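Listed below are the residues making up each chain.
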Amino acid sequence: MPLLTGKVAVVTGASSGIGRAIAVLYAGEGATVVLASRNEDNGRVVAGEILAAGGDAVFIKTDVSNERDCERLIKETVRLYGRLDIACNNAGTMGPAKPVGRLSADDWRHVMDVNLHGVFYCMHYEINSMLPHNSGVIINIGSIASQVGFKNLGAYAAAKHGLLGLTKTAALEYAENGIRINAIGPGTIDTPMARSYTSPDKYAQFRKVYPVKRYGLPEEVAGLALWLASDYASFVTGAFIPVDGGYTAQ
Ligand SMILES: NC(=O)c1ccc[n+]([C@@H]2O[C@H](COP(=O)([O-])OP(=O)(O)OC[C@H]3O[C@@H](n4cnc5c(N)ncnc54)[C@H](O)[C@@H]3O)[C@@H](O)[C@H]2O)c1
């Protein structure tokens, strides 16, 4: 029996990388998936792939740094499908790789707008749509940078640390309402975002800092996002779970 039969799920940043893998896996496990992203062309391609494989999906163009877009995404989901069961807040951006002394205030604001404010906007509307049903699951995609610092990624690490505080706090606030809220901390996962961080040579070298001596695959993050969304994780809330090939164990 598929794990998410009859569930309605929203995945932000579903047009690429980790979000795409989560949306495809959720749909394969029987969920109706609402894919959200700024990138309309790629988002519609992923929705088309899910439909072609016999799944159920729709794409809604969304910029998560815009509160009205997040409100519309969740309200439209409820209008179309009657409820929201699972929300995976995955959309994110890395921003320019610069030390804090060279990072502009505009760069700082953009990363915070997408990676932290965007997660808050989505959670706000997701929680309010879940409360009447006394159930729901929210999965926020943080990073190992939710736990440790990274040179040249000050805004990114600050936003991802903030995401973790928001996740734990909301988990406490809504535990008695049947809403589970957790965060995943991927290490380097081989996606367009990870490759954009540095030169191809440095990218190839950096994998040696991982105990497993390789980067992760989007599907390896999606596996945990599926488990957390499923009833197998019914006693798990307020947790931060790394998927990092042992990086933060060092
Ligand atoms: N790839 C990694 O190494 C890695 C490591 C740790 C955490 N993460 C996190 O995983 C998530 C997904 O990253 P990825 O590697 O798959 O990146 P990616 O660049 O492949 O995908 C990012 C997705 O987010 C969307 N997006 C970006 N800004 C948006 C906005 N303002 N509104 C709506 N959608 C927006 C993009 O369109 C795309 O669909 C991010 O939150 C990222 O911080 C990635």
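For the structure, see preceding data.
Below or above, wherever it landed, is the structure these notes cover. (Residues numbered from 1 in each chain as written. Predicted model: local features only at pLDDT ≥ 70, side-chain atom pairs only at ≥ 80, totals over all residues. Heavy atoms only, no water.)

Taken together, 29 residues surround the ligand, and among them Ser15, Ser16, Asn90, Tyr156 and Thr191 come closest. Within the side chain of threonine 191, an N or O atom sits 2.5 Å from an oxygen atom of the ligand. Computed on the free molecule, the ligand has an accessible area of 830 Å², of which 94% lies beneath the protein chains in the complex. Broken down by element, the shell around the ligand gets its largest block of residues, three residues, from helix H6 (residues 192-196). (Near = heavy atom within 4 Å. Polar contact = N/O pair within 3.5 Å; in protein donor to acceptor, adjacent residues only side chain to side chain. Areas by Shrake-Rupley, 256 points an atom, 1.4 Å probe, with all protein chains shown as cover. Helix = DSSP H or I, 4+ residues; strand = E, 2+ residues; numbered from the N terminus.)

Here we take up the pattern of salt bridges. Using the criterion set out here, one finds eleven salt bridges in the structure. Residues glutamate 67 and arginine 68 are paired through a salt bridge, measuring 3.6 Å at the closest nitrogen-oxygen approach. For glutamate 67, a relative accessible area of 29% corresponds to the partly exposed category. With a shortest N-O distance of 3.7 Å, lysine 98 and aspartate 107 are connected by a salt bridge. Salt bridges sharing partners connect three or more residues here, namely Glu67, Arg68, Glu71 and Lys75. (Salt bridge = Lys/Arg side-chain N within 4 Å of Asp/Glu carboxyl O. Buried < 20%, exposed > 50% of the residue type's maximum accessible area, 1.4 Å probe, protein only.)

On to helix H1 (residues 17-28), then. The end-to-end C-alpha distance of H1 is 17 Å, a good match for the 16 Å that twelve residues give at a rise of 1.5 Å each. By the burial criterion, the buried members of H1 are Gly17, Ile18, Gly19, Ala21, Ile22, Ala23, Tyr26 and Ala27. Where H1 ends, the next residue or the one after it, glycine 30, has phi of about 100 degrees, a positive value. (Expected span 1.5 Å × (residues − 1).)

Along its twelve residues, helix H8 (residues 218-229) runs 16 Å from first to last C-alpha, staying within 8% of the 16 Å computed at 1.5 Å per residue. Next to the buried residues of H8 lie H1, strand S4 (86-89), strand S5 (136-141), strand S6 (179-186) and strand S7 (240-243). (Contact = heavy atoms within 4.5 Å.)

Let us look at the pairing of strand S1 (residues 8-12). Summarising burial for S1: five of the five residues are buried, a large majority. Of the two faces of S1, both are covered, the one formed by Val8, Val10 and Thr12 as well as the one formed by Ala9 and Val11. Traced from S1 through H1 to strand S2 (residues 32-37), the parallel crossover comes out right-handed. Of the strand pairs in this sheet, S1 and S4 are connected by three bridges, and their pairing is parallel. Note on S4: the bridge partner recorded for valine 11 is cysteine 88. (Right-handed = clockwise from strand over helix to strand, strands pointing away. Pairing = 2+ DSSP bridges.)

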